[in-house]
Amino acid sequence: MKQDIHPDYHTITVAMTDGTTFETRSTWGSEGDTLTLEIDPKSHPAWTGGTRTVLEGGQVARFNKRFGNFSLKK
């Protein structure tokens, strides 16, 4: 393995949005730094099963408005 090309791998503290913390090893920051998360699996809708609001004027609604009464009947 080549010398002096790899980043420093050290212990950091990760602070979650609810205030809990845990220690892990990372190349982020320096030894003993705290990484404060703005979004984490406990608060983000992608992991908590939250719903996404659907706009009334979305792509499907615009398509149906333009082509809703179009028919191929002869």
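The rules we used
- Residues numbered from 1 in each chain as written.
- Predicted model: local features only at pLDDT ≥ 70, side-chain atom pairs only at ≥ 80, totals over all residues.
- Heavy atoms only, no water.
- UniProt positions renumbered as here; feature names shortened; annotations may be inferred.
- Helix = DSSP H or I, 4+ residues; strand = E, 2+ residues; numbered from the N terminus.
- Buried < 20%, exposed > 50% of the residue type's maximum accessible area, 1.4 Å probe, protein only.
- Contact = heavy atoms within 4.5 Å.
- Areas by Shrake-Rupley, 256 points an atom, 1.4 Å probe, with all protein chains shown as cover.

The name an unreviewed UniProt entry gives the protein chain is Large ribosomal subunit protein bL31, with Kordiimonas sediminis as the organism. Looking at the Subunit (unreviewed entry) heading of the UniProt record, one finds this comment for the protein chain: "Part of the 50S ribosomal subunit." According to UniProt, the comment filed for the protein chain under the heading Function (unreviewed entry) is "Binds the 23S rRNA."

## Re the overall build of the protein chain
Helix and strand content of the protein chain: two helices and three strands. Reading the secondary structure of the protein chain in the N-to-C direction produces β-β-β-α-α. Counting every position in the protein chain, which comprises 74 residues, the buried fraction comes to 11%. If you take every contact in the protein chain between residues at least 6 apart in sequence, the share linking residues at least 24 apart comes to 6%. Carbon and sulfur atoms form 54% of the exposed surface of the protein chain, whose accessible area is close to 7000 Å².

## Observations concerning the environment of Glu31
You can see Glu31 is positioned in the loop between β2 (21-26) and β3 (34-36). Glu31 sits 21 residues away from His10 along the chain, and the two C-alpha atoms are 5.5 Å apart. Ignoring anything within four residues of it in the chain, the contact list for Glu31 reads His10 and Thr11.

## Topic: unusual backbone geometry
Its identity as a non-glycine residue notwithstanding, Asp4 has a phi of 65°, on the positive side. With respect to the element layout, Asp4 can be found in the segment before β1 (10-15). On the basis of relative accessibility, which here comes to 80%, the residue Asp4 falls in the exposed class.

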